[in-house]
Amino acid sequence: MTPGSTPRMVHTRAPGKINVFLKVGSLQDDGYHDLATAFQSVSLYEDVRAYPADDFSVSVTGTVSLDRVPTDDSNIAIKAAKLLAATTGYTGGVRLEIDKHVPVAGGMGGGSADAAATLLACDTLWGTDLPREKLLELAAQLGADVPFALTGGTAIGTGRGDQLSPALARGQFQWVLVLADFGLSTPVVYHALDEHRERNGRDILPVSSAPNVDMSVLHALRAGDPQMLADTLHNDLQAPALQLEHGLTTVLELGEENGALAGIVSGSGPTVAFLAADLDSALELQIALSAAQLNVVRVTGPVHGARVIAE
Ligand code: ATP
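Given the structure is predicted, the values throughout are model-derived calculations rather than measurements.

The rules we used
- Residues numbered from 1 in each chain as written.
- Predicted model: local features only at pLDDT ≥ 70, side-chain atom pairs only at ≥ 80, totals over all residues.
- Heavy atoms only, no water.
- Near = heavy atom within 4 Å.
- Polar contact = N/O pair within 3.5 Å; in protein donor to acceptor, adjacent residues only side chain to side chain.
- Areas by Shrake-Rupley, 256 points an atom, 1.4 Å probe, with all protein chains shown as cover.
- 1 Å grid on protein atoms, 1.4 Å probe; cavity = no way out; pocket = protein on both sides within 12 Å on 5 of 7 lines; lining within 4 Å.
- Sits in = over half its atoms within 2 Å of the grid points.
- Helix = DSSP H or I, 4+ residues; strand = E, 2+ residues; numbered from the N terminus.
- Nonpolar A, V, L, I, M, F, W, Y, C, P; charged D, E, K, R; others polar.
- Domains from an automatic or database assignment.
- Contact = heavy atoms within 4.5 Å.
- Buried area = accessible area lost by both parts, 1.4 Å probe.
- Salt bridge = Lys/Arg side-chain N within 4 Å of Asp/Glu carboxyl O.
- Buried < 20%, exposed > 50% of the residue type's maximum accessible area, 1.4 Å probe, protein only.
- Points joined across faces, edges and corners; volume = space filled by probe spheres on them.
- Core = buried A, V, L, I, M, F, W, Y, C linked by side-chain atoms within 4.5 Å.

Structural notes on the site of the ligand
Argument step 1. The full set close to the ligand counts 21 residues, and A105, G107, G111, D114 and D145 are the nearest of them.
Argument step 2. One nitrogen or oxygen atom from the main chain of G109 is found 2.9 Å from an oxygen atom belonging to the ligand.
Argument step 3. Measuring from an oxygen atom of the ligand, one finds a backbone N or O atom of G111 at 2.7 Å.
Argument step 4. If the ligand stood free it would expose 620 Å²; the protein chains cover 78% of that surface.
Argument step 5. A majority-of-atoms criterion places the ligand in the largest pocket.
Argument step 6. No other element matches helix α2 (residues 110-125), which puts four residues into the shell around the ligand.
Argument step 7. Across the shell around the ligand, the residue classes break down as seven nonpolar, nine polar and five charged.

Shown next as structure tokens:
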């Protein structure tokens, strides 16, 4: 691109994520919870193409079911573009094309990846060139998982999950994902967790309002040791997700019977992520789960956050 010229199109790509560890704090007065989570971005991507336009529009294609993706102003990509325009004083619009591969309402932050990819695409297309910290600030306004989709890699998230600090992770972890053909609403899963805690308050350990990520998770990531990581995988939202969708228990059992080191529901589900010892076991697991008619994707992590793709 020559200086000062407007590109005809900007293509960006942002990854989905797995929460390898997720503790949910007690319900606060404002209805939210503080979290302690360890995110890992994985090689399942959302592609966004941004074209110059006078107003704002979005169209969506992809390899996952698109039924629940809005194409009006409630699409988080449109919200991201409008937020960037309002912040920078940009007066034009953008035509966005999203190519989705991350399952919708799957607990893998697909919408958040769209928002992160859109912020970067529009910032490049419009030449607004916001500093990284400012883009991260806008990302946090759009949703708790959006800053991580911008940064990628492996990170610890606290607060609402949006206060990020990078975590050292050595090597690549091999994951096998089972995608569901239905979604789970994040607020519904949190509500089921709160109800469970309220009903069983006397029988369960007191829940902290500000939880921490266990040191063992950080050690396992730093060591790049899949067995160590498998031993520390944890998700407070798994029990309510399984309670809402009993079939996920069978999926977890099937993966563990077929060589997975461990399986976990990702975020609020219903995607189930299995950690494999190495590439060979990941391939074997992929074959076994596919033979059981499940929708299976093999990915690795960590990968880069949102970036511009040269066409
Ligand atoms: P998280 O793991 O961050 O909680 P998720 O991966 O479970 O999120 P998403 O796919 O991000 O869920 O979307 C949740 C809901 O947001 C969808 O059901 C849909 O109605 C709405 N939505 C708005 N914009 C988008 C988008 N660009 N892609 C997908 N869903 C969107």
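Don't stop here, the text continues.
What to know about the domain arrangement of the protein
Argument step 1. Considered domain by domain, the protein is made up of domain 1 (10-167) and domain 2 (173-301).
Argument step 2. Computed from C-alpha atoms alone, the centre-to-centre distance between domain 1 and domain 2 is 22 Å.
Argument step 3. In this assembly, 32 residues from domain 1 lie in contact with 40 residues from domain 2.
Argument step 4. Taken over both partners, the interface formed by domain 1 and domain 2 buries close to 2,800 Å², and the fraction arising from carbon and sulfur atoms is 63%.
Argument step 5. Of all residues in domain 1, V20, F21 and V24 bury the most surface against domain 2, accounting for 20% of the area lost on that side.
Argument step 6. Where domain 1 meets domain 2, there are one salt bridge.
Argument step 7. A salt bridge links K23 to D214, with the nearest nitrogen and oxygen atoms 3.6 Å apart.
Argument step 8. Viewed at the interface, domain 2 and domain 1 are joined by 13 residue pairs in polar contact (both at pLDDT 80 or more).
Argument step 9. For the side of domain 1 that touches domain 2, the elements supplying multiple residues, two or more each, are β1 (10-27), β2 (33-53) and β5 (154-158).

Focus: unusual backbone geometry
Argument step 1. Cis geometry marks the peptide bond from G269 to P270, where omega comes out at 5°.
Argument step 2. Among the structural elements, P270 can be located in the loop between β9 (262-265) and β10 (272-276).
Argument step 3. For the peptide bond that leads from G301 to P302, omega is 5°, which places it in the cis range.
Argument step 4. By the element assignment, P302 lies in the loop between β11 (295-301) and β12 (307-309).

A look at the environment of E245
Argument step 1. Note that E245 resides in the loop between α8 (238-244) and α9 (247-257).
Argument step 2. Given a relative accessible area of 27%, E245 falls into the partly exposed group.
Argument step 3. Each C-alpha atom, one on E245 and one on G92, is 44 Å from the other, the two residues being 153 residues apart in sequence.
Argument step 4. Once residues within four sequence positions are removed from consideration, E245 is found in contact with F182 and L184.

Here's the deal with empty space enclosed by the protein
Argument step 1. All told, the structure shown has one cavity of 30 Å³ or more when counted by the stated rule.
Argument step 2. By volume, the largest cavity is sized at about 40 Å³.
Argument step 3. What lines the largest cavity is P15, K17, G109, S112, D145, F148 and A149.
Argument step 4. Classifying every residue of the lining of the largest cavity by side-chain character gives three nonpolar, two polar and two charged.

Brief notes about the environment of T12
Argument step 1. Within the secondary structure, T12 sits in strand β1.
Argument step 2. Judged by relative accessible area, T12 falls into the buried class, the value being 0%.
Argument step 3. When the C-alpha atoms of T12 and P270 are compared, they prove to be 26 Å apart, with 258 residues separating the residues in sequence.
Argument step 4. Among the polar contacts listed, one links the side chain of T12 to the backbone oxygen of A117, at a separation of 2.8 Å.

Some remarks on the nonpolar core
Argument step 1. Among the nonpolar cores identified, the biggest contains 38 residues, and L84, V94, L96, L119, C122, W126 and L142 are the most heavily contacted of them.
Argument step 2. In terms of residues, this core owes the most to one element, α2, which gives nine residues.
Argument step 3. The residues touching C122, leaving out its near neighbours within four places in the chain, are A81, L84, V94, L96, G127 and T128.
Argument step 4. If you look at the next biggest cluster of nonpolar residues, it comprises 27 residues, including A38, I156, A167 and L275.

Some words on the layout of surface pockets
Argument step 1. The volume enclosed by the largest pocket comes to roughly 1,200 Å³.
Argument step 2. S112, D145, T186, P187 and S268 are, among the 44 residues lining the largest pocket, the residues nearest its centre.
Argument step 3. Broken down by secondary-structure element, the contributors of at least two residues to the lining of the largest pocket are β1, β2, α1 (76-88), α2 and α5 (186-199).
Argument step 4. Top contributing element to the lining of the largest pocket by residue count: α5, with five residues.
Argument step 5. Among the residues forming the lining of the largest pocket, the class breakdown is 17 nonpolar, 19 polar and eight charged.
Argument step 6. Two domains share the lining of the largest pocket, each providing at least three of its residues, namely domain 1 (10-167) and domain 2 (173-301).

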